[in-house]
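Single-letter residue listing:
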Amino acid sequence: MSTKNNSNAIAVITMIFLFGMISFVTNLAAPIGNIWKMQPGIDGSNTLGMMGNMMNFLAYAVMGIPAGNMLKKKGYKYTALAALLVGFIGVLVQFLSGIVGVGSTIGSIPSNFFVYLLGAFIAGFSVCMLNTVVNPMLKILGGRRSNQYIQIGGSFNSLMGTLTPMLVGAMIGELVKGKSQISDVNTLLFMAMGVFLVAFVILLFVPIQDPEATKSQAPAVSPFKFRHFVMGIITIFLYVGLEVGIPGTLNFYLADSVNGAGLDPATAAGIAGFVAGTYWFLMLCGRLVSSVISGKVSSRTQLTCVSAVALVLIILAIFLGNSSTVSMPVFTGKGFGVVSVPIAALLLVLCGLCTSVMWGTIFDLSVEGLGAATEKASGIFMAMVVGGGIVPLVQNAVADAAGYMPSYWVMAACAAFILYFAVIGSKIKKA
């Protein structure tokens, strides 16, 4: 029994570590988009600036179900190792975008932009595969405490999400059209490749027993036969869009000195990265709290409360916008200080407390009662994470057409549907 418990503990710790890798790679895209917006031919387009994020999440639509099949046939350890190798390649290609195709164009778009998008797409395969491993593993290992384990993993995920945009913003410095380049963040890309290699070596020596060996061999039914799962995958599509869209567009808004918040161009990128990082820091705080209370407060209750509060915060941000400012402690690029930012920025940052618990609670409610169909459901679940690319892209198309604050109506609609799922759609019922 002791050996089994030790093996489970090592597996849980490993899965939680991989949770952080997911966020590290994912959160490179939006702040790096500020660099690409400065390139001739892209000329400040928010839609094109968000394309790296789009490609990262588009990979989920392609790889979600195959990753679930790989998990079932090859096991957890094989899938995780493959994901780490793919992640290394994805970040390497992003680094090469600072070398390959520089100075040439395809149409009016810089050629190396397409190299970068390819790297973001490959990296998306990695995070999709990692997500496919982490969630069902913690669900199975945790039993009644599964949501608590997922929230702890989410806390580490948020820590990496907090640091990544801050580091990118600090490395970019002042955004200058035609001068800011992807090579400005080479140090961070080297760090990412190093982390993937180290994680691969560590995982080679970690004993992870596939839980299939101890499970009932009852034939799995289609998860689509469960109405609450169908509602759940729609909800996760919108939730990931909400989670990524709020800070991603906020980063663009604060970094845009002309059409956005009107901050000093010399420090706007650093401030934007730090404020966006604060959103992820609040997600970390929320997940730490949830990891403590999840054994006492149901997933449905948590999701209902946070989705309602998020909806209110987003609507307030839309209407208040730049009407007043508040002081926030940030890293300006030269040091720490207190700066004035629009009140909308603070309200949107506070949404991090709300989105912090949504992933774990939505997943927990969506797969409840699926039994042997859980693994197949996980692959489908991962495919719907493509919403993290599509929804922010739609939001930024609205931002290009109507402005940054009106684009947050897209986020409000997402929060409203999540609230509906929490109250009604998550009730277990066969389709």
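In what follows, the structure referred to is the one given above.
Residues numbered from 1 in each chain as written. Predicted model: local features only at pLDDT ≥ 70, side-chain atom pairs only at ≥ 80, totals over all residues. Heavy atoms only, no water.

Visitor: What is the right way to read the side chain of Gln-395 from this model?
Guide: For Gln-395, the location among the structural elements is in helix H15 (residues 387-402). Look past the residues within four positions of Gln-395 in its chain and what remains in contact with it is Gly-245, Thr-249, Ser-407, Tyr-408, Val-410 and Met-411. (Helix = DSSP H or I, 4+ residues; strand = E, 2+ residues; numbered from the N terminus. Contact = heavy atoms within 4.5 Å.)

Visitor: Got a minute to help me understand a nonpolar patch on the surface in this structure?
Guide: Where nonpolar side chains cluster on the molecular surface, the patch consists of Leu-92, Leu-96, Ile-99 and Val-100 and spans about 300 Å² of accessible area. On the secondary structure map, Val-100 appears in the loop between helix H5 (76-96) and strand S1 (105-106). (Patch = residues over 30% accessible without salt bridge, like charges linked within 9 Å, V, L, I, M, F, W, Y side chains within 5 Å. Areas by Shrake-Rupley, 256 points an atom, 1.4 Å probe, with all protein chains shown as cover. Salt bridge = Lys/Arg side-chain N within 4 Å of Asp/Glu carboxyl O.)

Visitor: How do you make sense of the packing of H5 against helix H8 (residues 186-204) when you look at a structure like this?
Guide: Packed helices, taken two at a time, are described by the angle their axes make and the gap between the axes. Running from N to C, H5 and H8 point in directions that differ by 160°, and their axes come no closer than 9 Å. Relative to H8, H5 is oriented roughly antiparallel. In the crossing of H5 with H8, the sense of the turn from one axis to the other is left-handed. Here Lys-77, Ala-80, Leu-81, Leu-84, Leu-85, Gly-87, Phe-88, Val-91, Leu-92, Gln-94 and Phe-95 of H5 come into contact with H8, specifically with Asn-186, Leu-189, Phe-190, Ala-192, Met-193, Phe-196, Leu-197, Ala-199, Phe-200, Leu-203 and Leu-204. Here the residues of the contact of H5 with H8 are counted per class, giving 18 nonpolar, three polar and one charged. (Axes fitted to C-alpha atoms, helices over the stretch in contact; angles between N-to-C directions. Parallel < 35°, antiparallel > 145°, perpendicular 65-115°, else oblique. Left-handed = near helix turned anticlockwise from the far one by under 90°. Nonpolar A, V, L, I, M, F, W, Y, C, P; charged D, E, K, R; others polar.)

Visitor: What is the right way to read the nonpolar core from this model?
Guide: Generally speaking, soluble globular proteins have nonpolar side chains that are buried together. Judged by nonpolar contacts, the single largest core of 141 residues is most densely connected at Ile-314 and Trp-359. Sequence-distant contacts of Trp-359, that is, excluding residues within four places in its chain, are made with Phe-19, Asn-131, Asn-135, Ile-150, Ile-236, Tyr-239, Val-240, Arg-287, Phe-381, Met-382 and Val-385. (Core = buried A, V, L, I, M, F, W, Y, C linked by side-chain atoms within 4.5 Å. Buried < 20%, exposed > 50% of the residue type's maximum accessible area, 1.4 Å probe, protein only.)

Visitor: Even after reading the chapter, I still don't get the packing of aromatic side chains, so can you show me in this structure?
Guide: The geometry of an aromatic ring pair comes down to the distance between the two centres and the angle between the two planes. Overall, the coordinates contain twelve aromatic pairs when judged by the stated rule. Ring plane angle 70° and centroid distance 5.9 Å describe the contact between Phe-224 and Phe-229, whose orientation is recorded as edge-to-face. On the numbers, 5.9 Å between centres and 85° between planes, the contact of Phe-319 with Trp-409 is edge-to-face. Taken as a pair, Phe-319 in helix H11 (residues 299-320) and Trp-409 in helix H16 (residues 408-425) lie far apart in primary sequence, 90 residues in all. When its relative accessible area of 62% is taken as the criterion, Phe-319 is described as exposed. A residue is classified by how much of its surface remains accessible, and Trp-409, at 41% relative accessible area, is partly exposed. Among the aromatic residues, those joined into a cluster by ring pairs are Trp-36, Phe-113, Phe-114 and Tyr-116. (Phe/Tyr/Trp six-rings, centres within 6.5 Å; stacked < 30°, edge-to-face > 60°.)

Visitor: Would you mind showing me how to read helix H4 (residues 51-74) here?
Guide: Structural remark: α-helix, 3.6 residues per turn; residues separated by three or four positions point the same way. Look at H4: 32 Å from first C-alpha to last across 24 residues, which is about the 34 Å you get at 1.5 Å a residue. The sharpest bend along H4 measures roughly 55° and falls at Met-63, with the proline Pro-66 sitting one to four residues further on. Trailing H4 by a residue or two, Gly-75 shows a phi angle of about 100°, which is positive. (Expected span 1.5 Å × (residues − 1). Bend = angle between axes of the 7 residues up to and from the residue.)

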